[in-house]
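# Observations on the three-dimensional arrangement
The residues making up each chain are set out below.
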Amino acid sequence: MASAAVEILGLGLGILGWVGVILACGLPMWQVSAFIDVNIVVAQTIWEGLWMNCVVQSTGQMQCKVYDSILALPAEVQAGRALTVIVALLGLVALMVTVVGAQCTNCIRPGKMKSRIVIAGGAIYILCGVLVLIPLCWFANIVISDFYDPTVPSSKKREMGAALYIGWAATALLLFGGCLICCCSCSQRDDTSFPVKYSAPRRPTSNGEYDKKNYV
């Protein structure tokens, strides 16, 4: 019963992480304008994401524009697009696989195969967390490097946006949820792996007494 509760908890964390990755993928706030000048009163704020960039005016108006050419995009944006879309699809696969093999469902009879399916679902969640971590760290490295580079103009310097922090939180949920699913499934598999042994019934001998070898 406890392993089933841990499994459901891991599945819930994995779903939250999957939703967080989709949210981070769609948000245009991977990079935002850095306010490093003496005068902090600016007329507009620039947001840059994987799919579009937005300009927010001081009056509250916002204009967004989708990137025109895919091939003209920087390498980190192209890799971020590909990896986040792959993670979104793998997260759906992990959800279906885990639900099929979960202890609270009857899609498959309890046994080793059921445990292996749940472990596969947890491993896919862990893989999703590792894959989505690549573009997040790549973007963060570029932002920090450009920020401290004296050759980069102040107008071109950026800071890490909210999408990066959402992505890191989603990564932690995916990794933790996947580990919980795998651990509880492995413990369940160990508990059910002991073979059941049956002893042969004792038969009386010709004189009506039981053979002494049955008591050895």
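- As named in an unreviewed UniProt entry, the chain is Claudin, taken from Catharus ustulatus.

### With respect to the UniProt feature "transmembrane region" (unreviewed entry) in the chain
- The UniProt record annotates "transmembrane region" (unreviewed entry) at residues 7-30, 82-105, 117-144 and 164-184.
- For the annotated span residues 82-105, helix accounts for 83% and strand for 0% of the residues, and the straight-line distance between the end C-alpha atoms is 33 Å.
- Taken end to end, residues 164-184 is 100% helix and 0% strand, and its two terminal C-alpha atoms sit 30 Å from one another.

### Looking at the environment of Val56
- Counting through the fold element by element, Val56 comes out in strand 3 (residues 52-57).
- Take Val56: its relative accessible area is 17%, and that puts it in the buried class.

### Section: the packing of helix 1 (residues 2-26) against helix 3 (residues 112-147)
- At a closest axis distance of 11 Å, the pairing of helix 1 and helix 3 adopts a crossing angle of 30 degrees. Judged by the twist between their axes, the crossing of helix 1 over helix 3 is left-handed. When helix 1 is examined against helix 3, the residues Glu7, Leu11, Gly14, Ile15 and Val21 are found in contact with a partner set consisting of Val118, Tyr125 and Val132.
- Of the residues that constitute the contact of helix 1 with helix 3, the class distribution is six nonpolar, one polar and one charged.

### Things to note about the environment of Trp168
- Mapped onto the fold, Trp168 is located in helix 4 (residues 162-191).
- A residue is classified by how much of its surface remains accessible, and Trp168, at 25% relative accessible area, is partly exposed.
- Here the alpha-carbon distance between Trp168 and Ala24, two residues 144 residues apart in the chain, equals 9.3 Å.
- Discounting residues that sit within four places of it in the chain, Trp168 has contacts with Leu133, Leu136, Cys137, Ala140 and Met160.

### Regarding the nonpolar core
- Ranked by size, the top nonpolar core spans 25 residues in total, and within it Val21, Trp30, Leu50, Val87, Tyr125 and Phe139 carry the most contacts.
- Among the elements that take part in this core, helix 3 stands out by supplying eight residues, more than any other.
- Non-local contacts of Val87, meaning those with residues more than four positions away in its chain, are made with Trp18, Val21, Cys128, Leu131 and Val132.

Calculation criteria
Residues numbered from 1 in each chain as written. Predicted model: local features only at pLDDT ≥ 70, side-chain atom pairs only at ≥ 80, totals over all residues. Heavy atoms only, no water. UniProt positions renumbered as here; feature names shortened; annotations may be inferred. Helix = DSSP H or I, 4+ residues; strand = E, 2+ residues; numbered from the N terminus. Buried < 20%, exposed > 50% of the residue type's maximum accessible area, 1.4 Å probe, protein only. Axes fitted to C-alpha atoms, helices over the stretch in contact; angles between N-to-C directions. Left-handed = near helix turned anticlockwise from the far one by under 90°. Contact = heavy atoms within 4.5 Å. Nonpolar A, V, L, I, M, F, W, Y, C, P; charged D, E, K, R; others polar. Core = buried A, V, L, I, M, F, W, Y, C linked by side-chain atoms within 4.5 Å.

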